[in-house]
Amino acid sequence: MLDTDKLTKKFKDTVAVDNVTISLRQGESVGLLGPNGAGKSTAIAMISTLMKPTSGDVRLHGKSVLKNNGAMRAILVVVPQKIALYEELSAYENLKFFGRIYGLTGKKLEGQIQYVLELVGLSDRQKELVKNYSGGMQRRVNLAAAMMHEPEVLIMDEPTVGIDPQSRNHLLETIRKLNREQGMTVLYTSHYMEEVEKLCDRVYIMDHGKVIASGTKEELKGILSEEETVWIEFDKSYPKLFEKLGQIEGIQHAVTDEHSLKLIIPKGARVLGTLFHEAERYGAQIINVNVQTPTLEDVFLRLTGRKLRD
Amino acid sequence: MKAVFLLQWRRFYRKPLLVVTMFGLTVIFVSVSAAGNQGGPQAVPLYADQSLTEREANDWLERLNDDDRFAFELMPESRARTLVADGNVGHAVKLLTTDYRLLVGREDPNRFVLDSYLRRTYSEELSLQRAEQAVPGIREQVESSRDNPPLTLTVTSRQGEEDSFQYNGELQLLFGMTLFFVIYTIMFSLVRIVDEKRTGTWSRMIISPVRKWQIYLGHLGYSFLVGFSQITLIFLLFRFAFGFDLGDHFWLLIAIAACYTFSIVALGLLIISLVTKPQQLGAVIPIIATGMAMVGGAFWPIELVSNEILLAIAKVLPITYGIEALTTVAVYGEGVEAILLQLAVLIGFGAICMVIGIRLLEWRSAS
Ligand SMILES: Nc1ncnc2c1ncn2[C@@H]1O[C@H](COP(=O)(O)OP(=O)(O)O)[C@@H](O)[C@H]1O
Ligand SMILES: [Mg+2]
C-alpha cells in the first residue's frame, strides 16, 4: 500500500538517504534497522510528508503524495523519536488536542481519549501534568497521542530509546497488539535488533543512507547460513591478542567488546584450535566460549564489518 | 486552526505567570508613579533681573501662581542657584522685563511643562500690557469677562505645533508602560512557535490534516488576543477603577491598541524568524522591548529627545506611533482623522514584518 521509489535526501555535504526503495503491505509489521546516523529519521520524515525529498517518490496505493499529501496525512501517523508533547499540560489535555487536529469532537473524542489511555495503561493518571511523568510514561503518552485517530499506518522512530525495561516491554506489547489484533500497518525503526527481531515480519537494514539488505528475518539470517558466530570471553582485555586473532586465516569478521571477542567464521572451519593456542601464548585466560546461531546484529556485522551499536 | 488557538489558551491557563506578571507590573508602575506625582504643586524658585522693580517682580509672582500646578517663590538669585545646584528643585526661573530664562538643573518632563506654561503666560501678559497702553482699562474688562465669559471658544491645537505641547504625566506613564510591557506578553507567547519546532509538536501538527496557515493563524491569533486583552483591561482598569481621564474617545483608544498589537505580533514573528534559539530570544526580546520603549517615547515624552539619530530611529518604531496616536486622542481630544497616518503606519509596518517573517521561517524549515 505504501511504497518509496529511489527516495533520496541530500543535505549540504551529506547524502542522508540514498536511493531508498521500500514497501509496506497492508497489515504488515516492518522493521527499519540501522545504526545512529543511518538516515532512518530522514527517511521517515519524507515518507510522512514532513520533508520534501531531493529526488524520488513516495506513493500511497500507487499515487504519489508529494504534490497531494492529504490522503497520506489522514491515515498515517509518526511517533517521533523525541517526546513531542506539551509538558505543562496533562496527558488528557494533550490527547484532546491531538484528537482535535484530526477532526475528532464531542463524544467520539472523549471515547477515543479513554480508549488510548487504556491502551497505554495510563487511565488512572490522565489528569497529571506530562512534565511530572517518568520518561517511560512520557513515551507512552507520546504513542497514545499518535493513536487518537486510529491510523492505518503507524511509523515509530526509535520509540524505546532511554526508557526503563518495564515501560519498554509494555510499549512493545502494545505495538504488537495493534499490529496483530487491529491489523495496523507498522514501520518500526530501531537500532536494537532484538526489538526488530521480536516485532517485525520483514526487515530493511540501512547504513550510510542506503538499504544494504532486506527480507524476512529468515532470509536475512540466510546470508549467514554458511557461517557461525563464535563468542569468546576473556578475564580481561588483551588488545594485542584480539588483533592477532582477527587475522587468523578463515575468520571473516572480528569485533571486540571490552573483555570479549566475536568472530564470524565459515561453518566447519577449524579455527578453535589455533585460537586456544594463541590465547595460551599470550597467557590469556578464557572464561567462556559460545558458538551461536546468527542474529540480525551478526548480519549487520557481516555486511558492514561494524557493530550496530557503539 | 480552532484547535491550535484553543490549545494556546489551555497552555495559558496552565502557565499564566508571564502574562499576569506583565499585567501586574504595568498596573504597579503606573499607579505607584502616578501617586508619587500627585505630591502637590511643584516648587519653583523665582528670581528677578535688576531691570525689574520689586513691585513688577511681585506682580509676576502673583500672575504665575494662578496655576495650582506650580508654587513659585521669589528669592535672591544666589539662593535659587544653590537650590538648583543641590538638586532640591529641578529648575528655577529668572524674570526679565519682557522675557524669562529657565535655569535647568534636571532634564525631565516637568521642564517642558514649566517652559510651556511660562511661554503661554508671558505672551498673554505681554499682549495685555500692549493693549492696555492703547486702551486703558482693558485689563479690568478682560479679567472680568474671563470670569464671566460672554461666549466660550474652545481652541484645539495640534500636537507638534510650536507652543502647544501639553504634558499629561499620568497618561504618558499609562500609555508608555502599557505599550512597553505588552511587548513582552506578545513576543514571549510567540516564542512558543520556536519551542514547538524544537520539541517536535510542530512536526506532529504538520503531518496531520491541519494546514500550515491554520497553525500559524492559531498562534498569531492567540498572541494578538492576549496582548490586545492586556491593553484593553489596563485601560478599562485605569479609567473606571483609578479614575484616569482618558478623554471622550475611549473606543478609538481601543482601536489604536488593536493596530499597535498587530504591529508588535508581526514584529515578534520577524524576530523569531531571525533569532531561532529560545535562549537567545530570552535575551533579545528584553533588549528590543526596552530599546524601543526608550527611543519611542514610552519612558519619557519623545519631545524630550533632541538627538537626531534617535529621532530618526523612533520614526521606524511602532511604539512611537502607538503612543503618539493614544496621546493625540486622549490628551488633545482629537478624533480619528487626526491619527489615520499613525494607524496606517502601524498596520503597514505589521504587514511588512509579517510577510518577511513567515517567508524567513518557511525558508528556514525547508532547507
Ligand atoms: N536537517 C539536517 N541537516 C543536515 N544534516 C542532517 C539533517 N538531518 C539529518 N542529517 C544528517 O543525515 C544523516 C542521517 O540522519 P538521521 O536520519 O537522523 O539518522 P538516524 O535517524 O538513522 O539516526 C546524519 O548524518 C545526520 O547528521
Ligand atoms: Mg533517528
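Residues numbered from 1 in each chain as written. Chains lettered and ligands numbered in written order. Predicted model: local features only at pLDDT ≥ 70, side-chain atom pairs only at ≥ 80, totals over all residues. Heavy atoms only, no water.

K.L.:
Give a detailed account of the overall build of chain B, specifying residues and quantitative values.
P.N.:
Broken down by element type, chain B carries 14 helices and four strands. Evaluated residue by residue, chain B yields a buried proportion of 46% over its 367 residues. Counting contacts in chain B only where the partners sit at least 6 residues apart, residues at least 24 apart contribute 74% of the total. Split by element, the accessible area of chain B, about 18,300 Å² in all, is 60% carbon and sulfur. Here chain B holds 31 positive side-chain charges and 35 negative ones, and the gap between their average locations is 20 Å. (Helix = DSSP H or I, 4+ residues; strand = E, 2+ residues; numbered from the N terminus. Buried < 20%, exposed > 50% of the residue type's maximum accessible area, 1.4 Å probe, protein only. Contact = heavy atoms within 4.5 Å. Areas by Shrake-Rupley, 256 points an atom, 1.4 Å probe, with all protein chains shown as cover. Lys, Arg positive; Asp, Glu negative; His and termini not counted. Charge placed at Lys NZ, Arg CZ, Asp CG, Glu CD.)

K.L.:
Can you explain the sheet that holds strand β1 (residues 42-48) of chain B? Please cite residues and give values.
P.N.:
All names here are of chain B. Judged by pairing direction, the sheet is mixed, and its four strands sit side by side in the order β2-β1-β3-β4 without closing on themselves. Both edges of this open sheet fall to β2 (70-74) and β4 (100-104), since each of them pairs with a single strand only. Direction aside, neighbouring strands of the sheet carry axes that sit 30° apart on average. Pairing of β1 with strand β3 (residues 91-95) involves three bridges; the strand directions are parallel. Paired with Tyr47 across the strands is Lys94, a residue of β3. Its contacts with the sheet put helix α3 (residues 54-64) on β1, β2 and β3, and the angle it makes with β2 is roughly 170°. Packed on one face of the sheet, helix α4 (residues 77-85) meets β1, β2, β3 and β4 and runs near 145° to β1. (Pairing = 2+ DSSP bridges. Axes fitted to C-alpha atoms, helices over the stretch in contact; angles between N-to-C directions.)

K.L.:
Go over the site of ligand 1 with me, naming the residues and quoting the values.
P.N.:
All names here are of chain A. In the vicinity of ligand 1, the contacting residues are Phe11, Ala16, Pro35, Asn36, Gly37, Ala38, Gly39, Lys40, Ser41 and Thr42. Between ligand 1 and Lys40 there is a distance of 2.8 Å, counted from an oxygen atom to a backbone nitrogen or oxygen. If you tally residues by element for the shell around ligand 1, the top one is helix α1 (residues 40-47), at three residues. When the residues that make up the shell around ligand 1 are grouped by side-chain class, the tally is four nonpolar, five polar and one charged. (Near = heavy atom within 4 Å. Polar contact = N/O pair within 3.5 Å; in protein donor to acceptor, adjacent residues only side chain to side chain. Nonpolar A, V, L, I, M, F, W, Y, C, P; charged D, E, K, R; others polar.)

K.L.:
Which residues make up the interface of chain B and chain A, and what are the values?
P.N.:
Much of the literature gives interface size as the accessible area that the parts lose upon coming together. Chain B puts 22 residues into the contact, and the matching count from chain A is 28 residues. For the pair chain B and chain A, the two sides together bury roughly 2,300 Å², of which 61% comes from carbon and sulfur. Across the chain B-chain A interface, the total number found is three salt bridges. For the interface between chain B and chain A, the tally reads nine residue pairs in polar contact (both at pLDDT 80 or more). Listing elements by their share of the side of chain B that touches chain A, those giving two or more residues are α1 (2-14), α7 (169-199) and α8 (201-206) of chain B. In terms of residue count, the dominant contributor to the side of chain B that touches chain A is α1(B) (seven residues). (Buried area = accessible area lost by both parts, 1.4 Å probe. Salt bridge = Lys/Arg side-chain N within 4 Å of Asp/Glu carboxyl O.)

K.L.:
Kindly report on the environment of Leu326(B), identifying the contributing residues and their values.
P.N.:
All names here are of chain B. The topology assignment puts Leu326 in helix α13 (residues 318-330). With 252 residues separating them in the primary sequence, Leu326 and Leu74 have C-alpha atoms 38 Å apart. Apart from residues no more than four positions distant in its own chain, Leu326 is found in contact with Phe175, Leu179, Phe235, Leu253, Ile256 and Val331.

K.L.:
Please provide a residue-by-residue account of the nonpolar core, values included.
P.N.:
Grouped together as the largest cluster of nonpolar side chains are 132 residues, with contacts concentrated most on Leu154(A), Leu174(B), Phe235(B) and Ile319(B). By residue number, the principal contributor to this core is α7(B), which donates 17 residues. Excluding residues within four positions of it along the chain, Ile319(B) makes contact with Leu179(B), Phe180(B), Ile183(B), Tyr260(B), Met292(B), Ala293(B), Gly296(B) and Ala298(B). Counting 27 residues, the second-largest nonpolar core is a separate cluster that includes Leu7(A), Ile22(A), Ile44(A) and Met206(A). (Core = buried A, V, L, I, M, F, W, Y, C linked by side-chain atoms within 4.5 Å.)

K.L.:
I'd love a proper account of the sheet that holds strand β14 (residues 260-266) of chain A, names of residues and values included.
P.N.:
Residue and element names in this part refer to chain A. If you walk across this open sheet you meet the four strands as β13-β14-β12-β15, and the pairing is antiparallel. Two strands close off the open sheet at either side, each with one partner strand: β13 (253-257) and β15 (286-292). Mean inter-strand twist for the sheet, computed between neighbouring axes without regard to direction, equals 15°. The sheet contact formed by strand β12 (residues 227-234) and β14 spans seven bridges and is antiparallel. Counted as the bridge partner of Val230 is Leu263 from β14.

K.L.:
Pulling in residues and values, what's your account of the domain arrangement of chain B?
P.N.:
For chain B, the assigned domains are domain 1 (2-35 + 166-366) and domain 2 (41-151). Put simply, the middle of domain 1 of chain B and the middle of domain 2 of chain B, counted by C-alpha atoms, are 42 Å apart. (Domains from an automatic or database assignment.)

K.L.:
Go over the domain arrangement of chain A with me, naming the residues and quoting the values.
P.N.:
Residue and element names in this part refer to chain A. Once the domains are mapped, chain A shows domain 1 (2-220) and domain 2 (225-304). Of note, the centres of domain 1 and domain 2, computed from C-alpha atoms alone, are 37 Å apart. Listed by partner, the interface residues are 13 residues for domain 1 and seven residues for domain 2. With both chains or domains summed, domain 1 and domain 2 bury close to 770 Å², and 84% of this area falls on carbon and sulfur atoms. Seen at the junction of domain 1 and domain 2, the total is zero salt bridges. For the pair domain 1 and domain 2, the number of links is zero residue pairs in polar contact (both at pLDDT 80 or more). Mapped by element, the contributors of at least two residues to the side of domain 1 that touches domain 2 are α7 (193-199), β10 (202-207), β11 (210-216) and α8 (217-222). When grouped by side-chain class, the residues that make up the side of domain 1 that touches domain 2 number ten nonpolar, no polar and three charged.

K.L.:
So, the pairing of β11(A): which residues are in play, and what are the values?
P.N.:
Residue and element names in this part refer to chain A. Note: β10 against β11, six bridges, orientation antiparallel. Pairing of Asp207 across the sheet is with Lys210, part of β11. Where β10 folds back onto β11 in an antiparallel hairpin, the turn is made up of two residues, including His208, whose phi is positive at roughly 50°.

K.L.:
Describe a nonpolar patch on the surface, listing the residues and the values that go with them.
P.N.:
All names here are of chain A. Where nonpolar side chains cluster on the molecular surface, the patch consists of Leu272, Phe276, Val289 and Val291 and spans about 290 Å² of accessible area. Sorting the residues of the nonpolar patch by element identifies α10 (272-281) and β15 as the ones contributing at least two each. Turning to its location among the elements, Val289 is positioned in strand β15. Classification of Val289 as partly exposed rests on a relative accessible area of 34%. (Patch = residues over 30% accessible without salt bridge, like charges linked within 9 Å, V, L, I, M, F, W, Y side chains within 5 Å.)

K.L.:
Outline the packing of aromatic side chains, supporting the account with residue identities and numerical values.
P.N.:
Applying the stated criterion across every chain yields a total of 25 aromatic pairs over all chains. Aromatic side chains Phe180(B) and Phe299(B) sit 5.0 Å apart centroid to centroid with 80° between the ring planes, which places their arrangement in the edge-to-face category. Highlighted residues: Phe180(B) in helix α7 and Phe299(B) in the loop between α11 (278-296) and α12 (308-314), separated in sequence by 119 residues. By relative accessible area, Phe180(B) is classed as buried at 7%. Residue placement shows Lys127(A) over the ring face of Tyr92(A); its charged tip is 4.0 Å from the ring centre. Above the ring of Trp202(B), the side-chain terminus of Lys197(B) is found at 4.8 Å from the ring centroid. (Phe/Tyr/Trp six-rings, centres within 6.5 Å; stacked < 30°, edge-to-face > 60°. Lys NZ or Arg CZ within 6 Å of the ring centre and 35° of its normal.)

K.L.:
Break down unusual backbone geometry for me, with residues and values.
P.N.:
Residue and element names in this part refer to chain A. The phi dihedral of Glu158 is positive, around 40°, even though this residue is not glycine. For Glu158, the position within the fold is in the loop between β8 (153-157) and α6 (165-182). Of note, the phi angle at Glu258 is positive, near 50°, even though the residue is not glycine. Mapped onto the fold, Glu258 is located in the loop between β13 and β14. Judged by its relative accessible area of 64%, Glu258 is exposed.

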